[in-house]
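Examination of the molecular architecture
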Amino acid sequence: MVSKTNCTEYKEILETIVNNSLIPQMIINEDGTFRLCNQAGKFLFKKLWDIKFNHSTLNWKSLNFDNSFSVSFVKDIETAFTGQIIVDQYRIKTTHNNLEEYYYEFQFFPVFKADNIITNVCINAIDITNLKYKESLLLDSITINQSVFSSLDEPYLQLNNDLSFYNANTLFFQYFNTNRENVIDLFINEFIWENKDISLEYIKNFKLNNELLTFYDQTKNEKLFFKVSSDTIRLNEKQIIFLLFKDITNLKKELKHSQMLLTSIEKSSLGFMFFDAEYRLSYINANIKDLFNFPIEQYIHKTIDSIYNDNKSNECFLIVYQKIKDKLNWKGKIKCISKDNQQEILDTGVYCFYGDDKQIEQYMVIFRNATLEVHLEKHLLQAQKLEALGTLAGGIAHDFNNILSAMLGFTELSIMDLDEDCPQYFNLQQIQISANRAKDMINQILTFSRKTDIQLKPLIINPIIKEAIKLLRASFPAYVEIIHNLPPEPLKIMGDPTQINQIVMNLGTNAMQSLQNKIGKILISLSLETINSDNKSNKLVLNEGKYVLLKISDTGCGIPEHIKSKVFDPYFTTKTSETGTGLGLAVVHGIVSALNGFIHFDSEPNKGTNFYIYLPYYDNQELPIDKSVEALKSGKGQKILFLDDESPIVNVNCQILKKLNYIAYGFTDTLKAFDFYVENYFEIDLIITDMTMPEITGLEFINMIRELNPIIPIIICSGYSELLDNNKNEDNYLYTVSKPISTNQMAHLINEIFNESL
């Protein structure tokens, strides 16, 4: 049970709260007297009616502020004493200044005793003057601007409080393909809202502020996207909902396109940078972070000046800096230092974007790593040079080999007529050896320049290495000392002489360049090594067995540790573009791999480099017999037609054929040779013809002969032609031989042909 003391305390607390409230509050007894009026209430009476309030003497039934207010006020109090809660608004004029008006919302609450007997009415007064003023302005604005709403450039809609149609401008009806008569009695979700099941309460309570909403245009069979804003006002005692639609359908499509474009840029293999009009870096994509040796992302929102000033060693940004500052579009190739501190070549484009005011709003810089492409272009250029060299070599090889053919032929004829103890015999032999060396050199150039497969064959590597060393010695400066250690016993491999020569030339040239124009040594050695489990190191990825080891060492500058893993990569080089292409070691590695060998190296800075090339030793069978040392094979008086455009070659070869016991008929004119063959069709046993002939080529001559006799043996000679092998494959009676051909080779080839025809 609550004591009287506690009740007194509660009463005092309650009265304190009421007196300190900012809202005017009064408690009225049933007899009309005021039981309580707080300070805010007293101020209200003073403010509105200039009454010095004394609630002990004031009676509400005797109040007479003005007729309209007093009647309503008294009536509301009486109604509250019946047990109802009353909320009413009053427009009140002050007694001291009739021009000043106030609007108050009075709230009347009946106070009940425990037995539900009403003893008092509590009154709260809320000043709504400002609210009424704003509402009045809004209503005036709506009235004044109804014509303006009709001409808005965006759809505009007014709804009743229950979301039924109230009003709209012309553009609204156009957008949603309807008219006032069709929507006058409809709710919003019946004529524009896409979701038919959405509740009206949700729409009604959903305060829209540029919210994205979707609608469906059935006539165009497409979705429309709008940003919708809403507000609610009271108009003529009615609550009206205003909706303003901003069409963003096209913007949405553009945004989708922009998002796709942004995704493409982000995932592109190209590097993108964007700068604003003040040259500040505004965007970079992910790929660009790997292009430079500094964290480019730290410069977002910083100017290009700061990027350039902090990274002047990266000359890439010097050009970009200049072009952006000069407001120029530009495309070109520039160098930069990449994330792994390698020099890269970037295809770069700088582009300016202009706004509607024709002022630059943005700069875009695009980078594409073109390093490999540039190297490939250089490689292609090198390949084109080699192809041109091959074409040039093919053009001169015929004439050069004709000269050699005559030299060798007449030399061999002279040797045949001399005794070995004759003083001139030795001299002629030296001429023969030199001519054969010239022949081999021409064949090497042709083999290297032609796009033909290399045919591996058993060979002794010692003399090939020796010849390559001679070429190196002839091409190197005098301060380079070449020391070689080649064993006397022959070391055999399966390979190609040209490729072995190329290995020595490439590694030897690299060794010479590592000396850097200083006095130094190059050591070349050859040995037979046996690889087994006892001596096999981790570096040697080889099967156990015998290998020919070619070691090429130098006393040069050595290979730095950080590039050792890249020396065999194609196009990698530490040389300038004038001194190297980066192909030498890659070619050597490719040749060694093709020969089923293995190459590795060790190197120390300023102490030189050692390259080790292991090639499988060939010991399965004897090497083919060199037919050049066999006795000459003589004929049995067979008749041979010999055709060449060079008279000395016809002369010397006819003499050689006669010494070999053949009957030779020599011609330098193709038509005369053909006429002779037609007249002596059954007597001619063999035809030897040059490939390159004036007016009618050797192949055309062969085709003319084949129409008469498809099985007569024909030897076609040439200094150079890629057509030889193709024609031989199509003709079983066609034999090919490269100029110049020695007497021994000629004798054995003719002998084999006649033996086959028996």
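Shown above is the structure to which this text applies.
Residues numbered from 1 in each chain as written. Predicted model: local features only at pLDDT ≥ 70, side-chain atom pairs only at ≥ 80, totals over all residues. Heavy atoms only, no water.

**Points about unusual backbone geometry**
Inclusion rule: Numbering of helices and strands runs from the N terminus, with a helix taken as a DSSP run of H or I at least four residues long and a strand as a DSSP run of E at least two residues long. Burial classification: accessible surface area is computed with a 1.4 Å probe over protein chains only, and a residue below 20% of its type maximum counts as buried, one above 50% as exposed, and the rest as partly exposed.
Phi at His301 takes a positive value of approximately 75°, unusual for a residue other than glycine. If you trace the backbone, His301 turns up in the loop between β12 (281–284) and α11 (304–310). For Gln516, which is not glycine, the phi dihedral falls at a positive 55°. On the accessibility criterion, Gln516 (46% relative accessible area) is partly exposed.

**Thoughts on the pairing of strand β24 (residues 663–667)**
Walk down a regular strand and you will see the side chains alternate between the two sheet faces. Short version of the rule: Any two strands between which DSSP finds at least two bridges are classified as paired. By the criterion used throughout, a crossover qualifies as right-handed when its path from the first strand across the helix to the second strand runs clockwise, the strands pointing away from the viewer.
Relative to β24, strand β23 (residues 639–643) is paired through five bridges, and the arrangement is parallel. Note that in β24 the partner of Ile640 across the bridge is Ala664. This β-α-β element, β23 to helix α18 (residues 647–659) to β24, shows right-handed connectivity.

**What to know about the sheet that holds β24**
Strand pairing in a sheet takes place through backbone hydrogen bonds and is either antiparallel or parallel in direction. Applied cut-off: For helices, the axis comes from a line fit to the C-alpha atoms of the stretch in contact; other axes are also lines fit to C-alpha atoms, and the angle between any two N-to-C directions lies between 0 and 180 degrees. Any two residues whose heavy atoms approach within 4.5 Å at even a single point are treated as in contact.
Spatial strand order, β24-β23-β25-β26-β27: five strands in an open sheet with parallel pairing. The open sheet has two edge strands, β24 and β27 (734–738), and neither has a second partner. Direction aside, neighbouring strands of the sheet carry axes that sit 20° apart on average. Bridge count between strand β25 (residues 686–690) and strand β26 (residues 714–718): four bridges; the pairing is parallel. Note that in β26 the partner of Thr689 across the bridge is Ile716. Packing of α18 onto the sheet brings it into contact with β23 and β24, and relative to β24 it is tilted by some 175°. Taken strand by strand, helix α19 (residues 670–679) contacts β23, β24 and β25, and its axis lies near 160° from that of β23.

**Some remarks on the packing of aromatic side chains**
The description of an aromatic ring pair rests on the distance of the ring centres and on the angle between the ring planes. Put simply, the rule is: When the centres of two rings from Phe, Tyr and Trp lie within 6.5 Å, Trp using its six-membered ring, the rings pair. Their planes under 30 degrees apart give stacked, over 60 give edge-to-face, and anything left gives tilted.
Applying the stated criterion across every chain yields a total of 14 aromatic pairs. Note on Tyr662 and Phe754: the rings are 6.0 Å apart at their centroids and 45° apart in plane angle, and the pair reads as tilted. In this pair, Tyr662 is assigned in the loop between α18 and β24 and Phe754 in helix α22 (residues 743–757), connecting sequence segments 92 residues apart. The exposure classification of Tyr662 matches that of Phe754, with both residues buried.

**A closer look at helix α12 (residues 316–325)**
As a reminder, the rule being used: The directions considered for the arc are those from the helix axis to the C-beta atoms.
Within α12, burial applies to Cys316, Phe317, Val320, Lys323 and Ile324. Buried residues of α12, seen end-on, are gathered within an arc of 125° and therefore sit on one face of the element. If you follow the buried residues of α12, they end up packed against β11 (271–276), α11, β13 (330–337), β14 (343–354) and β15 (360–369). The first or second residue beyond α12 is Lys327, which carries a positive phi of 55°.

**As for α19**
Stated precisely, the cut-off is as follows: Any pair of N or O atoms that falls within 3.5 Å is considered a polar contact. Within protein, one atom must be able to donate a hydrogen and the other to accept it, and sequence-neighbouring residues count only if both atoms are side-chain atoms.
Those residues of α19 not exposed but buried are Thr670, Ala673, Phe674, Phe676 and Tyr677. The arc that holds every buried residue of α19, seen down its axis, measures 160°, which confines them to one face. Turned more than 90 degrees away from the buried face of α19, the exposed residues are Lys672 and Glu679. Looking at the buried positions of α19, the neighbouring elements they touch are β23, β24, β25 and α20 (698–708). Of the residues that open α19, the one with a side-chain oxygen 3.0 Å from the backbone nitrogen of Leu671 is Asp669.

**Points about the sheet that holds strand β17 (residues 480–485)**
Within the open sheet, the five strands sit side by side as β17-β19-β20-β22-β21. Their pairing is mixed. The open sheet terminates on both sides in strands that have one partner only, identified here as β17 and β21 (598–604). Adjacent strand axes in the sheet meet at a mean angle of 15°, parallel and antiparallel pairs treated alike. As paired elements, strand β19 (residues 520–531) and strand β20 (residues 545–554) share 10 bridges and run antiparallel to each other.

**A word on the nonpolar core**
The condition that has to hold: Within this scheme, the nonpolar core is defined by two criteria: the residues are buried Ala, Val, Leu, Ile, Met, Phe, Trp, Tyr or Cys, and they are joined through side-chain atoms within 4.5 Å.
Core analysis: the biggest nonpolar cluster contains 39 residues, and Ile461, Ile465, Ile500, Ile524 and Leu550 have the highest contact counts within it. Those elements giving two or more residues to this core turn out to be α15 (461–475), β17, α16 (497–514), β19, β20, α17 (584–594), β21 and β22 (608–616). Excluding residues that lie within four positions of it along the chain, Ile524 makes contacts with Ile465, Ile469, Leu472, Ile482, Ile483, His484, Asn485, Val504, Leu550, Lys551 and Ile552. Grouped together as the second largest cluster of nonpolar side chains are 26 residues, Phe292, Cys352, Val365 and Phe367 included.

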